[in-house]
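Now for the letters of each chain:
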Amino acid sequence: MSRSAVIVIDMINTYEHPDADLLLPGVRKAVPAIVRLLERARAAGVPVIYANDNFGEWRSHHGEIVETALAGQHAELVEPLRPDEESLFVVKARHSIFYETPLSYLLSQLGVQEVILSGQVTEQCVLYSALDAHIRHLDVIVVQDAVAAIHDDLANAALQMMERNMGADLMSVDQVKL
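Keep in mind the model is a prediction, meaning the values are calculated, not measured. Residue positions are given per chain, counted from 1 along the sequence in the order it is written. For this predicted model, a pLDDT threshold of at least 70 governs which residues receive local features, and a threshold of 80 or more governs which side-chain atom pairs are given and counted, while totals over whole chains, interfaces and linings are taken from all residues. Side-chain numbers come from the whole structure's heavy atoms, not from hydrogens or water.

Draft legend 1. Molecular detail of the overall build of the protein. A run of H or I in DSSP counts as a helix once it spans at least four residues, and a run of E counts as a strand once it spans at least two, with each numbered from the N terminus. Helix and strand content of the protein: six helices and six strands. When the elements of the protein are put in sequence order from the N terminus, they spell out β-α-β-α-α-β-α-β-α-β-α-β. Radius of gyration: over C-alpha atoms. The globule rule applied is 2.2 Å multiplied by the number of residues raised to the 0.38 power. Relative to the globule expectation of 16 Å for 178 residues, the C-alpha radius of gyration of the protein, 15 Å, shows essentially globular dimensions. Taken along the three principal axes of its C-alpha coordinates, the protein extends 35 × 35 × 30 Å. Relative accessibility under 20% of the residue-type maximum defines a buried residue, over 50% an exposed one, and the middle range a partly exposed one, all with a 1.4 Å probe and only protein chains included. Going through the 178 residues of the protein one by one, you find that 53% of them count as buried. Should any heavy atoms of two residues lie within 4.5 Å, those residues are considered in contact. Taking all contacts inside the protein whose residues are at least 6 apart in sequence as the whole, residues at least 24 apart take part in 81%. Accessible surface, the protein as shown: approximately 8,800 Å² in total, 50% of it carbon and sulfur. Of note, the protein has its 13 positive side-chain charges centred 4 Å away from the centre of its 25 negative side-chain charges. Residue burial considers only the protein chains on display, and all accessible areas are found by Shrake-Rupley using a 1.4 Å probe. Neither His nor the chain ends contribute to the count of charged residues, in which Lys and Arg are positive and Asp and Glu negative. By convention, the point assigned to a charge is CZ for Arg, NZ for Lys, CD for Glu and CG for Asp.

Now the structure itself:
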């Protein structure tokens, strides 16, 4: 069992939402870092868990979510992050990766005590997920170059809150020890 897990938040995405134009530049910057993080985690045998919105498609499963995103106009941002056969997938409906999902149980079954967060949106889903991990007594690492924001000022404030109020470690992908 691994003490850590890499969690990719909401990166399987069609980018067909009102804030997409503001989010896309940050996503384009974050994708290469997330790819490196995934490569390192997989090579080290660290579990990779995708926690992803289902976009209100309650009859869909993770394969359909991936295929829909790959058929979208920004497939080049999804393809490099495609889950492999070893990846785990948790469907979420709200901002936090923990809210009414089986993630807490999954992490306990894997013996995970540290979550390494990447994905989008820094000032929303990443922030709320870090808080929920913290209140579950999990160690939190936020990979700064592997998260994307809609509003940089809010993202910077969110990162400061995660570090100061939740004890999260803010690291670059190259600083993360796997």
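Read on, since the account is not over.
Draft legend 2. Molecular detail of the pairing of strand β1 (residues 4-9). Judged by how many residues are buried, β1 sits mostly within the fold: six of six residues are covered. Burial along β1 is two-sided: Ser4, Val6 and Val8 facing one way and Ala5, Ile7 and Ile9 facing the other are all buried. Sheet topology places β1 next to strand β4 (residues 114-120); six bridges connect them, and they run parallel. The residue of β4 that forms the bridge with Ser4 is Glu114. Sheet analysis places β1 next to strand β2 (residues 48-53), joined by four bridges and oriented parallel. Strands are labelled as partners when DSSP assigns at least two bridges between them.

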